[in-house]
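# Commentary on secondary and tertiary structure
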Amino acid sequence: MDAAAEREPRGMAGQLAVMTAILATVGAMFSYMAGATQADAGIFKNDAAIRKTEASNQWNFYQAKSNKQNLSELGMQLVDAARRPLFEAEAKRYAAEEAEIKLAAEKLEKESTEFDEMSEAKLHQHHRWAQATTALQIAIAMAAIALLTKRRWLEKAVFVMSGLGLVVGALAYFHV
């Protein structure tokens, strides 16, 4: 056996060992980012739910004020002229309070929608990080098989799969 053929497996083994160490390190970073973006998505979704609940409370409060305004307007119709100004003032006050409550409820609904959108974006990014991590894990497994079988084509497949994982990781990083 000539010296070049004898060195080849060791060269392949060394190359795959270094590649596996790099893939494991990058994969750990990708995995961390997947977890972090998943946590962010959950926090944003929770914030959206809190605001949606408070908006619902505001709409219930709005309805109560509306009912009181309706009763005041009915009172204006049922009482004598001397007591009408009292009911008229009450109806105007309730109408003004309704307007303030409506603005607050609409603001909370808008904030809820914004948090939902941020959550969706973070969840999409989380899936990209998870896909990238999975591709790198597959590349590491392929490297182990390549070391055991000494198949050159499998070594090349490790580099292809690693490249795929890095591209998807870049997509996650740039929010694509």
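Just so you know, these numbers come straight off a predicted model, no measurement behind them.

Attention now goes to the overall build of the chain. Within the chain, the secondary structure is distributed over 3 helices and 0 strands. When the helices and strands of the chain are placed in sequence order, the string is α-α-α. For a compact globule of 176 residues, the expected C-alpha radius of gyration is about 16 Å, and the chain comes in at 32 Å, more than 25% above that figure. Here the C-alpha coordinates of the chain stretch approximately 120 × 20 × 20 Å along the principal axes. Counting only residues that meet the buried cut, the chain has 28% of its 176 residues in that class. Sequence separation of at least 24 residues holds for 83% of the intrachain contacts in the chain that already meet a minimum separation of 6. Per element, the accessible surface of the chain, about 11,000 Å² overall, is 64% carbon and sulfur.

Attention now moves to the packing of helix α2 (residues 84-149) against helix α3 (residues 152-173). Running from amino to carboxyl end, α2 crosses α3 at an angle of 165°, the nearest separation of the two axes being 8 Å. By the angle between their axes, α2 is roughly antiparallel relative to α3. Judged by the sense of rotation from one axis to the other, the crossing of α2 with α3 is left-handed. The class makeup of the residues in the contact of α2 with α3 is 19 nonpolar, 6 polar and 2 charged.

Another point: the packing of aromatic side chains. Taken as a whole, this structure holds 4 aromatic pairs when the rule is applied. For the pair Phe-44 and Phe-115, a centre-to-centre distance of 6.1 Å together with 40° between the ring planes defines the contact as tilted. With Phe-44 in helix α1 (residues 3-78) and Phe-115 in helix α2, the pair connects residues that are 71 residues apart, well separated along the chain. What makes Phe-115 buried here is its relative accessible area of 16%.

The rules we used
Residues numbered from 1 in each chain as written. Predicted model: local features only at pLDDT ≥ 70, side-chain atom pairs only at ≥ 80, totals over all residues. Heavy atoms only, no water. Helix = DSSP H or I, 4+ residues; strand = E, 2+ residues; numbered from the N terminus. Rg over C-alpha atoms; globule rule 2.2 N^0.38 Å. Buried < 20%, exposed > 50% of the residue type's maximum accessible area, 1.4 Å probe, protein only. Contact = heavy atoms within 4.5 Å. Areas by Shrake-Rupley, 256 points an atom, 1.4 Å probe, with all protein chains shown as cover. Axes fitted to C-alpha atoms, helices over the stretch in contact; angles between N-to-C directions. Parallel < 35°, antiparallel > 145°, perpendicular 65-115°, else oblique. Left-handed = near helix turned anticlockwise from the far one by under 90°. Nonpolar A, V, L, I, M, F, W, Y, C, P; charged D, E, K, R; others polar. Phe/Tyr/Trp six-rings, centres within 6.5 Å; stacked < 30°, edge-to-face > 60°.

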